[in-house]
Structures are given as structure tokens and as C-alpha cells.
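# Structure assessment
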Amino acid sequence: MQQYSSLPDQNSQIDATPKLLTTILQLRTQLWLESSLNQLQSRLNDCLLSACNTVPQAEAAQAEVFQTVVDQINSAVHSSNLALTDCAIGIALFQPQETVATVCYVSPSPSANSQPLFLEVLTAEKKLLLRLQEVIEVGDLQQLENQQPPSAWRLADDSGSIMGWLIIAATSRSCDHQSLIESQAQLRSQLMARSAIHCRTVLLQLRHILSSQQLYEHLSSSNQELEHTNQLKNQFLANTSHEIRTPLSSIMLAISMLLAPGYEPTRERQQEYLNMMQSSGKHLLDLINDILDLSKIEANQLDVHWETIDVELLCCNVLALVKEKAASKNLRLCREIDPDITTLVADSLRLKQMLWNLLSNALKFTSQGSVGLQVASKGEFVHFTVWDTGSGISQEDQVQLFQPYFQIAKTVADGVEGTGLGLAVTQKLAEIHGGSVKVESEIDHGSRFTLVLPLKQEAGVDGDQGVEEAKFSSSPLPFTPSSCVDILLVENDLANAHLMQIHLRKLGYQVTWAKNASEMWEALTQLNPAVILMDVYLADGNGLNLVQQLRENEQYRAIPIIIQTAMAMKGDREICLASGVNDYISKPIDLPLLDSLVKKYSKAPTSVDGEWGVESGE
């Protein structure tokens, strides 16, 4: 009977031992490789987390990633019991336009006496020193990348462009295990190659994080600006509502008193109510004009028409506007103009507005004494100083004086009427002219507001359509209408139409009212008007479209047309004139201006080559 031994065969045991040792060694090296890469990934994740929490600069965050890669690989290589060589790790960064890369990161030396290691470029038979700020040609790095085993691994950004190379320099120690050294070189190559992949991935993630942070900061900043704008809008609406309701309340109260059943006021009392209504109406109009001016300025849409101005004449005209108000308060108006100042390049309409605002304020806050305008030259600038002997302004109020809607508490309590926009508009108009507004004041010792403007403007001299309107109201044409002059009034609003009819009939015109387009065409079949006054917004059509239709009809082409409209924003006048009208007047209607325009265009029209015109003569 055959017997079998339970002990293993001696030869088979000897044969199995080297295989077992090899397998254990492979497992150890594989565990070391994976552990090193996990440690590297953990440190890189810390870098990304830090970038998320601290919002660093892009360069600093990228530098932290590069330094972490170098330090971790160096630590892994030198902590391994399998390392049989001296190694140094570095990163050379590359600019796309350059032909060389610069070593910007190098692992620390194991000891103070350690010397920098060399990179061996075998194909070029030369050695390259691995140290900070060392310059390496791109061709050499590419050769190091293609060697076996390689000594450089490229780092690319998310677009595939090379930003640098991860480099290792190794020097063998004295050892008889050449095969083991070669296997360790292969292991280091795997570590370097996979570390380069980790580095590229993290750099891409870092770029996305930084981009998202920049977008977040931009959105956060925009959101804050929107919130601030919304607060300003709400404040603006609240202030505007208050300012509009105050004079409107006066008007409504006066009307209610006049219409109250059984109340029969004396003629003097009626005149008082009417004066109050007129004053409140003017206040409302000033407020609306100031709001429009301020909004145009802030939207950079204010038209400025440069022209050469006669300084003395303009100052005299402005003082004439406030002369009556000064006389009503028994205040003396003073004027002092440097004779050397003759002309100035500015927008005459806006300069009048600025001086009028300053003079009106001075008169408003001065109860006795004098108000004056002083004009002096200082270098390349002209100083228009409006002074008064009024109540003065405290230092605390002077800080806020040019803020929109700001009004001094004492003046509000005393019932002094104002919009709180005049000085804000004046300051912004001065800035548009390249100048400024300064204030000097002391309580109970009056105030001095100085408008500083440059003598010349780079913009040059231009015409001013706005002044064209004003000259009609200040200089009416010497023409007396007769009862045979027919006016066709096309007006949608009943109250406006009724009052305009009364006013024009008092001047001697025959006025026919049409409240819509249909009535206008019907009236034209029975009437040959000298002038058509056209509203824009009609119940059954647009006034500008009607103007174009009239211009296309040979029978009505020569009739002068004046648009009267509430369209008073930037460009509205130009839009109306482009439709074919002869002239434009904005609501509320300035009656002297309306008189001048009607007188101008109610003369016998002539036609030249199919175009309308006005005969010269009177």
C-alpha cells in the first residue's frame, strides 16, 4: 500500500519562496505609491478648501498648489525605505511666448550641506542644474520628457496649453542592487506621472473656484448697488411726492374755498386766492423742471450748447428777472462786474439758470439789507459770486447743502418755499461746464456762493435752440391780429382748450376747437386757418402723424403748425420738428411765448418750391 507524506516537498518550498517575496515587495511598493498619492490628493484638497474659504489672489492660490505638489512628492520619496537614490523635485514654469522655462519651485535639500542635483539630458550629452531661478530651454525639457525613464512631466491648463513641467533629478547611491534601483526609478516615474495628473486636475478646479468667486463678488457688488439704487429711488419718490403735494394742496384748498356753496369772497380775497394758486403752480413747474434737469444730468443726457456770451449783458438780464422780487422785500440789488471780463464761452441758458438759482436763494433767505452779484477774473477762470446779508448757514448744514431735496430745517419751519433741488442742479451744471460751486457762510452774517467757470471751453461754440424759444416770449413781434385771422386749435384736454380759446379770442383771433382728428378734418373742409395749434395725444390719433398727413396734402401743406404738448423730455422737441411742424411749445403753456409764436406764424404764408414759409416785412 502506497503512503503519502503530509510535509511539503522540499524542492517545491524552495521554488515558492522567491515568488512570495516578489509578491510581497510588489504589494508594499503599490501600497506606498497609492498612500503617497492619497496623501498628495488630501493636501491638494486642503488647498482647494482654503481657496474656497479665504478668496485668495489667483497667483497665490496657484503657488500654494505647486509648492504642495513639490513638498509632498519630496516627502514621499525620502520617507520610503525603498529609496536607493538622492532625489530633488522641482517645477519649471513656462510662458507661451518664451523659448525657456524658469525653475520656480524646488524641494528643500535633505541637509544644509547638500548640493543641488543635476538633470541629465542624455541625448544632448549635458547636465542641467535643478535650483531656483535656473533657466532651462524648452527643447531640453522636451528631451527630459521623452527619456526612459522620463525626468519631466508637462503641466497643461484647461485649454491644453503648457504652463510648465514637473521635474525630478536623481543621483544613485553606491549600491550593488542595480536591478532594484531600476525598479525604484520606474516606481518614481509612476508617482511623478500620476502626481502631474493630480496637479493639472486641481489647477483646473482652482481656476473654476476662483472664477466662481469673482462672479459671486461681481453679483454681490451689483446686488448692493441695486439695493442702494432702490433705496435712492424710494427716497426720491417719497421726497418728490412730498414736494409736489405741498403746493398742490394749496391750489386745491384755494379752489375748494372759491367753489364752496354760499361763500362769496370779496374781489381782494379772490385776488389773494388766485395769486396763491399762481405761486403754487409756478412752484410745481419749477420742481418738475428741476427734476427733469437733474435726471438728464445724472443720465448724461443733458444737451449743452456752447456759445460766446456777453457777460455783462447776461448778468443784467438775470438781475432784471429778480429785480421785482428784491423790490417787494425792500432789498437793494448790487452789481459789480470786472470791466476786463467781456465774454465767456458757456451755455447761456444754463448759466442764466445757475445765476438765477443762486440769486433767488439769496433773496429768499434775506429779509433786510442787500443782495449782490460780483464777477471777477482769476487766472483762466471767472468767479460769479452771489452774496447776501441774510441769516447765514451753519457749518453742519453746509455739508449737506448740495444734496438733492435737502432744505435747512429753520427755513422749512419758517415757511420759506423751495424744492431743495436748485443748488444740486446748479452744482452739477457747473461741473458740466468744468467748474464748481463754493459756499462761505456764517450764522447771522450772510452767505457767499461762488460759481467758478473756465473762460474757455474745448467743446467750442454752438447754437442754442432752447434760447430760440425764450427770445419769442421776451420780444413779441409787433403784429396786431385782426378778427379775420382764423386759428384751428386741435386739443384733447377740455380745460386747456377752453382757457386757450378765451386767451386767444381776447387777443382778437377767431378760434375753432377740434378735440380729435375727425373733428380736425371736418373743420378743415369749412375753414382755411392761418395757424394750426396741434396737440400730440388725441383720442383717435397721434398729432405727429396728423402733421405728416397734412404736409403730404397739397391743400394744407403751407399751413403753419405749432405743436403744444406735454412732451418735454430730451429729444422731444427734435422729434416734433422732424415731423414737419413749424414750432414747438411745451405744457404748461407759457402764454407770452404762445402769443409770440401765433403772431409770428399767422402772417400770410407763402409757398416756395412746394415748401411752406412766411413772408418777411413787419
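Computed from a predicted structure; not experimentally measured.

Moving on to the nonpolar core. Ranked by size, the top nonpolar core spans 44 residues in total, and within it L351, V375, F384 and L451 carry the most contacts. Put simply, the parts of the chain that give this core at least two residues each are α5 (267-298), α6 (311-328), β10 (343-346), α7 (348-364), β11 (370-378), β12 (381-388), α10 (422-432) and β14 (447-454). Residue contacts for L351: discarding those within four places in its chain leaves I309, L314, L344, F384, L451 and L453. Counting residues in each nonpolar core, the second largest holds 35 residues, with L44, F66, A76 and L155 among its members.

For the rest of this paragraph, the subject is the pairing of β11. In this structure, strand β9 (residues 332-337) lies alongside β11, joined through 6 bridges in parallel fashion. When the bridges of β11 are listed, E336 appears paired with Q374. Sheet topology note: the β11/β12 ladder contains 8 bridges and is antiparallel. Along β12, the bridge assignment pairs G372 with W387. Two successive antiparallel strands, β11 and β12, enclose a turn made up of 2 residues, where G379 displays a positive phi of approximately 65°.

Bringing the sheet that holds strand β20 (residues 561-565) into the picture now. Spatial strand order, β16-β15-β17-β20-β21: 5 strands in an open sheet with parallel pairing. Every other strand in the sheet has two partners, leaving β16 (510-514) and β21 (583-586) as the edge strands with one partner each. Going from strand to strand, the sheet's axes swing by 20° on average, the running direction of each strand aside. Pairing analysis gives 4 bridges linking β20 to β21, with the strands arranged parallel. What sits directly across from T565, in β21, is S586. Of the strands in this sheet, β15 (486-490), β16, β17 (531-534) and β20 touch helix α12 (residues 494-506), which is tilted by about 170° from β16.

Here the focus is the packing of aromatic side chains. Two descriptors summarise a pair of aromatic rings, namely the distance from one centre to the other and the angle between the planes of the rings. Applying the stated criterion across every chain yields a total of 3 aromatic pairs. For the pair F66 and Y105, a centre-to-centre distance of 5.5 Å together with 50° between the ring planes defines the contact as tilted. Taken as a pair, F66 in helix α2 (residues 58-79) and Y105 in strand β2 (residues 100-106) lie far apart in primary sequence, 39 residues in all. Assessed through its relative accessible area of 0%, F66 is described here as buried. Relative to Y556, the ring of W521 has its centre 6.1 Å away and its plane inclined at 55°; by these criteria the two rings are tilted. A residue pair is termed long-range when its members are at least 10 positions apart, and W521 in helix α13 (residues 517-524) and Y556 in the loop between α14 (543-552) and β20 qualify at 35 residues. A relative accessible area of 26% means that W521 is categorised as partly exposed.

By secondary structure assignment, the location of V318 is in helix α6. As a C-alpha pair, V318 and W356 span 38 residues in sequence and 6.2 Å in three-dimensional space. Not counting chain neighbours up to four residues away, the residues in contact with V318 comprise K352, L355, W356 and L359.

This part is about the packing of α13 against α14. One way to put it is that α13 packs onto α14 with a least axis distance of 12 Å and a crossing angle of 25°. In terms of their interaxial angle, α13 and α14 are classed as roughly parallel. Considering only the axes of α13 and α14, their crossing is right-handed. Here A517, M520, W521 and L524 of α13 come into contact with α14, specifically with L546, Q549 and L550. Looking at side-chain class alone, the contact of α13 with α14 contains 6 nonpolar, 1 polar and no charged residues.

Here the focus is the side chain of Q564. For Q564, the position within the fold is in strand β20. On the basis of relative accessibility, which here comes to 0%, the residue Q564 falls in the buried class. A polar contact is formed between the side chain of Q564 and the side chain of E491, at a distance of 3.1 Å. Those residues within four positions of Q564 in sequence are excluded, and the remaining contacts are L489, V490, E491, M500, L533, M534, D535, V536, I585, K587 and I589.

Once that is clear, we can look at the pattern of salt bridges. Under the defined criterion, the tally for this structure stands at 8 salt bridges. Here E145 ties to R154 by a salt bridge, and the two come within 2.7 Å at their closest N and O atoms. When its relative accessible area of 34% is taken as the criterion, R154 is described as partly exposed. Several salt bridges converge on common partners, so that one network encompasses E491, D535 and K587.

Turning to the sheet that holds β9, a few remarks are in order. The strand order β9-β11-β12-β14-β13 describes an open sheet built from 5 strands, whose pairing is mixed. At either margin of the open sheet sits one strand with a lone partner, and together these are β9 and β13 (436-441). Shown here is a sheet whose adjacent strand axes are inclined to one another by a mean of 15°, direction ignored. Taken strand by strand, α6 contacts β9, β11 and β12, and its axis lies near 170° from that of β9. The strands touched by α10 within the sheet are β13 and β14, with β13 carrying the most contacts at an inclination of about 135°.

Turning our eyes to something else, we now look at the state of the cysteines. For the structure shown, the criterion picks out 0 disulfides. Distance from the sulfur of C199, which forms no disulfide, to the nearest cysteine sulfur (C47) is 9.9 Å. A relative accessible area of 0% means that C199 is categorised as buried. C315 takes part in no disulfide bond, and the closest cysteine sulfur to it belongs to C316, at a distance of 7.0 Å.

What counts and what doesn't
- Residues numbered from 1 in each chain as written.
- Predicted model: local features only at pLDDT ≥ 70, side-chain atom pairs only at ≥ 80, totals over all residues.
- Heavy atoms only, no water.
- Core = buried A, V, L, I, M, F, W, Y, C linked by side-chain atoms within 4.5 Å.
- Buried < 20%, exposed > 50% of the residue type's maximum accessible area, 1.4 Å probe, protein only.
- Helix = DSSP H or I, 4+ residues; strand = E, 2+ residues; numbered from the N terminus.
- Contact = heavy atoms within 4.5 Å.
- Pairing = 2+ DSSP bridges.
- Axes fitted to C-alpha atoms, helices over the stretch in contact; angles between N-to-C directions.
- Phe/Tyr/Trp six-rings, centres within 6.5 Å; stacked < 30°, edge-to-face > 60°.
- Parallel < 35°, antiparallel > 145°, perpendicular 65-115°, else oblique.
- Left-handed = near helix turned anticlockwise from the far one by under 90°.
- Nonpolar A, V, L, I, M, F, W, Y, C, P; charged D, E, K, R; others polar.
- Polar contact = N/O pair within 3.5 Å; in protein donor to acceptor, adjacent residues only side chain to side chain.
- Salt bridge = Lys/Arg side-chain N within 4 Å of Asp/Glu carboxyl O.
- Disulfide = S-S within 2.5 Å.

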